[in-house]
Amino acid sequence: MTSPAEAGRGSRRAAPVGHAAMRSANLSLLLRHLHTRGGRSRATLSQETGLSKAAVTSLVNDLAVRGLVQEGKVERLGAVGRPGTEVRIDPGHVAGIGLELNVDYLAVSLRDLAGAARFADSVPTPYALEPSAADGRSYPLDPVLDRAAELLQRALDAADAEGLWVAGATIAPPGPIDYDGSRVRFASNLGWTDVPLAEELARRLGEDSPVLALENDAKLSALAEAPRLAQRGITDLVYLTGDKGVGAGIIAGGRLLRGWSGFSGEVGHIGLDPAGERCRCGRRGCWETMVGFDTVLDVLEADDPTRSGRLPMTERLARLRSLLDAGHAPLHERFERLAGDLVRGAGVLVDVLNPQAIVLGGYFASFADLLVQPVQSALDARLLAADGRVEVSASALGLDAAAAGGAAVALERVLDDPLLAPELEA
Ligand SMILES: [Zn+2]
């Protein structure tokens, strides 16, 4: 991700550079090439990057010393010519961490440089019962941050046990963030305003703290999901994450759309019904009053344990599924309406953004069998032009999407500057 500070560093690169900076830029070029295109021989790397064979050999050695690449199987280039040994990303030494702070759960993900999940964990978000709050709950800062720091520490311990150096951690709070100060501007569903999140977590972790950065949950989820769709040529997508509210991560032309001040995708408060339910934001008929997770739970009995935020999210979703399987009529009826309510907002986004794909994430993904087809059919039926068709699918990453995207973004630091990775001990 590019913060204004990083953009500043980038602009320095555009000036004439010395040998060291040139070397760092070429190391990054080579590492990124292997990261996105997969393992290949030195000869192929030379052809594809325009670097000389001698330079590739020397750079590969530098990357190998830092545990970033390794020798792999032999690549055969047709029937003639010498086979080359494949160079590929080494998954064994460098990792990134993502942490999602959600109203219902905190989730952490540790991923290695090859993108494989090495550790994942989640816990319910601690809250206090408070009759004064609109829905009886509040999320006092300290217990939530303590729990988040514990989860980060578990991921750091897991990395340590596997001999992985952590390039950084990306934290995903459910709301817009301040790129300069690593603060959450506001997270309306947690009731937080202007929280110095990175600083607070770094203080709790002490000297163990990796470099911490913030990015919005829906944006990270979109980034995590984008490579799967890019394989099929999809470069324009809207990722909808369903939790207490609904947020969108927008990828346009292959790039994350942040908006002027990072507020893009705050779609939960699109007004769809002036006579609708009162929203937390004070207005009526916002999209999230129709599709938020709580609106589904509202059809259950008041004492149904599924409604309790003290149960792990995975367990609550499993309980909903078993109620559906048992033929719970009000719940089935609610999901039918939910598909229609999703289309009301998604239709607006389709008209404004013209995406190729809409990905249903968060809790929506757990009920793909009930939502994807009806949403697809309804969007098809309101098409203005045949080539404006949008493909609806469910997130393959589900509740892990934001944390997985966070780990991937943290690894970008080392892809940008491979010299950050420490040399392996001989
Ligand atoms: Zn609202």
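Residues numbered from 1 in each chain as written. Predicted model: local features only at pLDDT ≥ 70, side-chain atom pairs only at ≥ 80, totals over all residues. Heavy atoms only, no water.

Q: Explain the overall build of the protein residue by residue, including any values.
A: On a plain count of helices and strands, the protein comes out with 14 helices and 18 strands. Against the compact-globule benchmark of 22 Å for 426 residues, the protein has a radius of gyration of 23 Å, which places it among compact chains. Expressed as lengths along the three principal axes of its C-alpha atoms, the size of the protein is roughly 70 × 55 × 45 Å. Across the 426 residues in the protein, those meeting the buried criterion constitute 49%. Considering only contacts in the protein between residues 6 or more positions apart, those separated by 24 or more positions represent 63%. Surface summary for the protein: the accessible area is close to 19200 Å², and the carbon and sulfur share equals 52%. One finds the centroid of the 44 positive side-chain charges in the protein at a distance of 5 Å from the centroid of its 56 negative side-chain charges. (Helix = DSSP H or I, 4+ residues; strand = E, 2+ residues; numbered from the N terminus. Rg over C-alpha atoms; globule rule 2.2 N^0.38 Å. Buried < 20%, exposed > 50% of the residue type's maximum accessible area, 1.4 Å probe, protein only. Contact = heavy atoms within 4.5 Å. Areas by Shrake-Rupley, 256 points an atom, 1.4 Å probe, with all protein chains shown as cover. Lys, Arg positive; Asp, Glu negative; His and termini not counted. Charge placed at Lys NZ, Arg CZ, Asp CG, Glu CD.)

Q: Tell me about the pairing of strand S11 (residues 183–187), residues and numbers included.
A: Successive residues of a regular strand alternate their side chains across the two faces of the sheet. In this sheet, S11 lies alongside strand S10 (residues 177–178) in antiparallel orientation, the contact comprising 2 bridges. Looking across to S11, one finds that Ile-177 is bridged to Val-184. Sheet topology note: the S11/strand S12 (residues 192–195) ladder contains 3 bridges and is antiparallel. Bridged to Phe-186 within S12 is Thr-193. If you look at the hairpin formed by S11 and S12, you'll find 4 residues sitting between the two strands, and Gly-191 has a positive phi there, around 75 degrees. (Pairing = 2+ DSSP bridges.)

Q: Now, about the packing of aromatic side chains: what can you tell me, with residues and values included?
A: This model, assessed by the stated rule, comprises 4 aromatic pairs. Ring centres of Phe-293 and Tyr-363 lie 4.9 Å apart, and the angle between their planes is 55 degrees; on these two criteria the pair is classed as tilted. Residue Phe-293 is found in helix H9 (residues 293–297), and its partner Tyr-363 is found in helix H12 (residues 363–366); the two are separated by 70 residues along the sequence. Tyr-363 matches Phe-293 in its accessibility class, with the two residues each being buried. Judged by centre distance (4.7 Å) and plane angle (50 degrees), the ring pair of Tyr-363 and Phe-364 falls under tilted. Judged on exposure class, the residue Tyr-363 and its partner Phe-364 are both buried. (Phe/Tyr/Trp six-rings, centres within 6.5 Å; stacked < 30°, edge-to-face > 60°.)

Q: If you had to explain the pattern of salt bridges to someone new, which residues and values would you point to?
A: Summed over all chains, the structure comprises 27 salt bridges. Notably, a salt bridge pairs Asp-341 with Arg-344, separated by 3.9 Å at the nearest N-O pair. Here Arg-344 and Asp-341 lie together in helix H11 (residues 329–353), a separation of 3 residues that amounts to about one turn. The salt bridge involving Arg-382 is made with Asp-351; its shortest N-O contact spans 2.7 Å. On the criterion of sequence distance, the pair formed by Arg-382 in the loop between helix H13 (368–381) and strand S18 (391–394) and Asp-351 in helix H11 is long-range, its members being 31 residues apart. Take Asp-351: its relative accessible area is 47%, and that puts it in the partly exposed class. When salt bridges with common partners are traced through the structure, they connect Asp-142, Asp-146, Glu-200, Arg-203 and Arg-204 into a single cluster. (Salt bridge = Lys/Arg side-chain N within 4 Å of Asp/Glu carboxyl O.)

Q: Now, about the coordination of the zinc ion: what can you tell me, with residues and values included?
A: Taken together, the protein ligands of the zinc ion are His-269 (ND1), Cys-279 (SG), Cys-281 (SG) and Cys-286 (SG), with distances of 2.0 to 2.3 Å. Sequence positions of the residues that donate to the zinc ion give the spacing H-x9-C-x1-C-x4-C. You can see His-269 sitting in the loop between strand S16 (255–256) and helix H8 (288–291) and its partner Cys-281 sitting in the loop between S16 and H8, a full 12 residues away along the chain. (Donors = N, O, S within 2.8 Å, 3.2 Å for Na, K, Ca; no water.)

Q: Let's hear about a nonpolar patch on the surface: which residues, and what values?
A: Nonpolar side chains collect at one region of the surface, where Leu-257, Val-348, Val-352 and Leu-353 lie side by side and expose about 300 Å² of accessible area between them. Among the structural elements, Val-352 can be located in helix H11. Classification of Val-352 by relative accessible area gives exposed; the value is 64%. (Patch = residues over 30% accessible without salt bridge, like charges linked within 9 Å, V, L, I, M, F, W, Y side chains within 5 Å.)

Q: Go over the side chain of Asn-102, please, and point to the residues and values.
A: With respect to the helices, strands and loops of the structure, Asn-102 is situated in the loop between strand S4 (94–101) and strand S5 (105–112). A distance of 2.8 Å separates the side chain of Asn-102 from the backbone nitrogen of Asp-104, its partner in a polar contact. There is a polar contact of 3.3 Å between the side chain of Asn-102 and the side chain of Asp-243. The contact partners of Asn-102, leaving out residues within four places of it in the chain, are Thr-125, Leu-190 and Asp-243. (Polar contact = N/O pair within 3.5 Å; in protein donor to acceptor, adjacent residues only side chain to side chain.)

Q: I'd like to hear about the nonpolar core, residue by residue, with values.
A: Among the nonpolar cores identified, the biggest contains 39 residues, and Leu-240, Ile-358, Tyr-363 and Leu-371 are the most heavily contacted of them. Take this core: its biggest share by element is 9 residues, from H11. In this view, Ile-358 contacts Val-238, Leu-240, Ala-346, Val-350, Leu-379, Val-390, Glu-391, Val-392 and Ser-393; residues no more than four positions away in its chain are not counted. In this structure, Tyr-139, Val-144, Ala-155 and Trp-192 belong to the second largest nonpolar core, which totals 37 residues. (Core = buried A, V, L, I, M, F, W, Y, C linked by side-chain atoms within 4.5 Å.)

Q: Tell me what's going on with the sheet that holds strand S17 (residues 357–362), and back it up with residues and numbers.
A: The pairing of strands in a sheet happens through backbone hydrogen bonds and is either parallel or antiparallel. Pairing is mixed across the open sheet formed by 5 strands, whose spatial order is S16-S15-S14-S17-S18. This sheet does not close on itself; its edge strands, each paired only once, are S16 and S18. As paired elements, strand S15 (residues 246–252) and S16 share 2 bridges and run antiparallel to each other. In the strand pairing of S16, Ala-252 is matched with Arg-255. Most of the contacts of H11 go to strand S14 (residues 237–242), to which it runs at about 155 degrees, and overall it touches S14, S15 and S17. (Axes fitted to C-alpha atoms, helices over the stretch in contact; angles between N-to-C directions.)

Q: Before we move on, can you summarise the confidence of the model for the protein with the specific residues and values?
A: For the protein, the mean per-residue pLDDT works out to 89, and 91% of the residues sit at or above 70. Under a pLDDT of 50 for its full length, residues 1–13 has, in the predicted model, 14 contacts with residues more than four places off or in other chains. (pLDDT = per-residue confidence, 0-100.)

Q: Got a sec to walk through helix H3 (residues 42–49)? Specific residues and values, please.
A: Those residues of H3 that fall on the buried side of the exposure criterion are Thr-44, Leu-45, Ser-46 and Thr-49. A positive backbone phi angle near 80 degrees is found at Gly-50, which sits one or two residues after H3.

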